[in-house]
Amino acid sequence: MTVALAAAESVGRLGEVPVGAVILGPDGSALAITGNRVYLDNDPTAHAEILAIRTASAKLGRPRLDGCDLYVTLEPCPMCAAAISTARIRRLYFGAADPKSGGVEHGPRVLDSSSAHHRPEVYGGISETASAALLQAFFKERR
């Protein structure tokens, strides 16, 4: 999660919402280290999780990320939760909860839906304080 937080801090300095993600392969190696790029890329789907899944899939040469673990600093939104399910991520670790826009433990709880392709093991609250503080500082600066 430390690497994901560093990625979040990095994109936050560029004006992006500071969310970072890391995907580790089955052997523990980092396949992807990304941060949000919604504004930089003018792409509403360029969330850190989506970019990490794209990068890891390209590196492995396959759409399924069986045996891979995703670390992300914020609870994934419904779009990202669906992508995590479709990619068959083994474990999801996230930092801060997102009661407003989350899709895992809040909102539609996509991974608990009968239509979810796969449900990874989910561990929330990892480095929660640091993740939340980064987001709060970012939004406080803009208000």
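So, how was this worked out
- Residues numbered from 1 in each chain as written.
- Predicted model: local features only at pLDDT ≥ 70, side-chain atom pairs only at ≥ 80, totals over all residues.
- Heavy atoms only, no water.
- UniProt positions renumbered as here; feature names shortened; annotations may be inferred.
- 1 Å grid on protein atoms, 1.4 Å probe; cavity = no way out; pocket = protein on both sides within 12 Å on 5 of 7 lines; lining within 4 Å.
- Helix = DSSP H or I, 4+ residues; strand = E, 2+ residues; numbered from the N terminus.
- Contact = heavy atoms within 4.5 Å.

For the protein, an unreviewed UniProt entry supplies the name tRNA-specific adenosine deaminase and the organism Arboricoccus pini. Among the UniProt annotations of the protein, the heading Sequence similarities (unreviewed entry) holds the following wording: "Belongs to the cytidine and deoxycytidylate deaminase family. ADAT2 subfamily." Looking at the protein in UniProt, the text filed under Subunit (unreviewed entry) is "Homodimer."

**Student:** Explain the UniProt feature "binding site: Zn(2+)" (unreviewed entry) in the protein here, please?
**Tutor:** UniProt records the feature "binding site: Zn(2+)" (unreviewed entry) at His-47, Cys-77 and Cys-80, using the numbering of this structure. Of the residues just listed, which span 34 residues, no C-alpha pair is farther apart than 9.2 Å, and they cluster in one region. Looking only at the residues we just named, the largest pocket is lined by His-47 and Cys-77. If you trace the backbone, His-47 turns up in the loop between helix 2 (38-41) and helix 3 (48-60). Every residue in contact with His-47, bar those within four places of it in the chain, is listed here: Asn-36, Val-38, Cys-77, Met-79 and Cys-80. Summarising the element assignment, Cys-80 is placed in helix 4 (residues 78-87).

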